[in-house]
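Given next are the chains, with one letter for each unit.
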Amino acid sequence: MPTDVKTTATLPRPITDYQSLSADELYRRIVEAKRALGQRVMILGHNYQRDEVIQHADFRGDSLLLSKLAAERSERPYVVFCGVHFMAETADILSRTNQTVILPDMAAGCSMADMAAIEQVDECWEALGRILPVEETVLPAVYVNSAAVLKAFCGEHGGITCTSSNAKAVIEWAWARREKILFFPDEHLGRNTANKMGIPREQMIVWDPFQPNGGNTREAIKRAKLILWKGHCSVHQMFQPVHVDQFRKQYPDGTVIVHPECHENVVNKADLVGSTEFIIRTVDGRAGRHRRVADVGRHLGPHRHARDLLHPAHHLLDDVGVLAHRHAHLALGQAVGAAEVQLEAVDAGGLHGAYDLLPGLAAVFLHDGGDEDLAGVVLLELAKVIEPI
């Protein structure tokens, strides 16, 4: 298994230099920086970003869609991904050799993706191998919301990557090839999908990486068809069945849409269940008819962008994270061979003047309920980073 190498170039200007700037001034600087950079830079805005960020994005969508869009536009050598770490990794995997993917904050992570470390997954695989012929009987399936090294693990062991949209098809594909599935890192997407497929509960077990044999007996492991990793999205776990009940009481004719990362007790109360793209399409389609729609898992509203309103903490721009594509052999959504993903620091041949950044496209922040609540720093200042062509 190749080793991830992640390094950063540090900004000489602290984020505090931008906190005193007004939203109008930040907006003006970003617009001017984008004008100066022209077609050399593409800004990708994930659906969960705030409106103040999305308004500057060239494209918006989910992480896989944005990554594909970037790869299709190889004439733009620099890709700024306004999202979290695994999203930029996905874009880097799919990017062309002439493209550099830039993550504004290398500390911007996903709590669920962090719940499955490669060392833990390796230990799980070894433990399963002491109980049954793991390579012949267990197929690893990883959610796309995960680190690249976990996708590479699946490639090494004949596994597969799935999305929230194709999880059912992926599980069917996997069971046609092996007896059991190790599904990680989100147990709820796996369980909700299996419930929809009518899989009996006794054929599912949860693997706790902090317990011997995942907290299961040898007999339970041999009996299980679906091994669910004990991981979850901390934001989706905030939603409870009582929230659905309260909405239905207030809006009896309303529609409840749930993301499959929610707990099954919430999913089972919903009218519709689907991916973020499905949720957005549904809300857009019903907004014109003035229907009341509650999205449990992502706050949406008529004619509004899907905003990341629920994260209790937002990262500040402490450094510039550059994911430089060197070599990758990894196909998302299908079984692949061993993958190599090199994540390297920017060098003098890539971004000239990386330590001479000027104010501009450096930060977008939102005062949410008070001046002390700084949030959503997402964009790099690149106006003086790239040597003019």
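Relevant structure appears above.
Residues numbered from 1 in each chain as written. Predicted model: local features only at pLDDT ≥ 70, side-chain atom pairs only at ≥ 80, totals over all residues. Heavy atoms only, no water.

Some thoughts on the packing of helix α6 (residues 118–129) against helix α8 (residues 148–156)
- Interaxial distance between α6 and α8 falls to 10 Å at its minimum, and their mutual angle equals 25 degrees. On the basis of their axis angle, the class for α6 and α8 is roughly parallel. When α6 is examined against α8, the residues Ile118, Val121, Asp122 and Trp125 are found in contact with a partner set consisting of Val149, Leu150 and Phe153.
- In the contact of α6 with α8, the residues fall into six nonpolar, no polar and one charged. (Axes fitted to C-alpha atoms, helices over the stretch in contact; angles between N-to-C directions. Helix = DSSP H or I, 4+ residues; strand = E, 2+ residues; numbered from the N terminus. Parallel < 35°, antiparallel > 145°, perpendicular 65-115°, else oblique. Contact = heavy atoms within 4.5 Å. Nonpolar A, V, L, I, M, F, W, Y, C, P; charged D, E, K, R; others polar.)

Examining helix α10 (residues 187–196)
- The buried fraction of α10 is high, at eight of 10 residues.
- For α10, the capping residue at the N-terminal end is aspartate 186, with a side-chain oxygen 3.2 Å from the backbone nitrogen of histidine 188.
- Residue glycine 198 follows α10 closely and has a positive phi angle near 80 degrees. (Buried < 20%, exposed > 50% of the residue type's maximum accessible area, 1.4 Å probe, protein only. Polar contact = N/O pair within 3.5 Å; in protein donor to acceptor, adjacent residues only side chain to side chain.)

Description of the packing of aromatic side chains
- Per the counting criterion, the structure on display carries four aromatic pairs.
- Here the aromatic rings of tryptophan 125 and phenylalanine 153 are separated by 5.5 Å at their centres, their planes lie at 90 degrees, and the arrangement is edge-to-face. Here the residue tryptophan 125 occupies a position in helix α6, and phenylalanine 153 occupies one in helix α8, the gap between them amounting to 28 residues.
- Among the residues examined, phenylalanine 153 registers a relative accessible area of 0% and is labelled buried. (Phe/Tyr/Trp six-rings, centres within 6.5 Å; stacked < 30°, edge-to-face > 60°.)

Focus: the sheet that holds strand β10 (residues 226–229)
- What the five strands build is an open sheet, ordered β7-β6-β8-β10-β9; its pairing is parallel. In this open sheet, the two strands that pair with only one neighbour each are β7 (160–162) and β9 (204–207). The sheet shows a mean angle of 25 degrees between the axes of neighbouring strands, taken without regard to direction.
- The sheet contact formed by β9 and β10 spans four bridges and is parallel. Among the inter-strand pairings, isoleucine 205 is bridged to a residue of β10, identified as isoleucine 227.
- Where α6 meets the sheet, it contacts β6 (138–143), β8 (180–184), β9 and β10, and its direction lies at approximately 155 degrees from that of β10.
- Docked against the sheet, α10 engages β6, β7, β8, β9 and β10, running at close to 150 degrees with respect to β10. (Pairing = 2+ DSSP bridges.)

Regarding the nonpolar core
- Within the largest apolar cluster, 39 residues are counted, with the highest numbers of intra-cluster contacts made by Leu44, Phe81, Cys162, Ile181, Phe183 and Leu226.
- Of all hydrophobic cores here, the second largest spans 25 residues; its members include Ala116, Leu132, Ile227 and Trp229. (Core = buried A, V, L, I, M, F, W, Y, C linked by side-chain atoms within 4.5 Å.)

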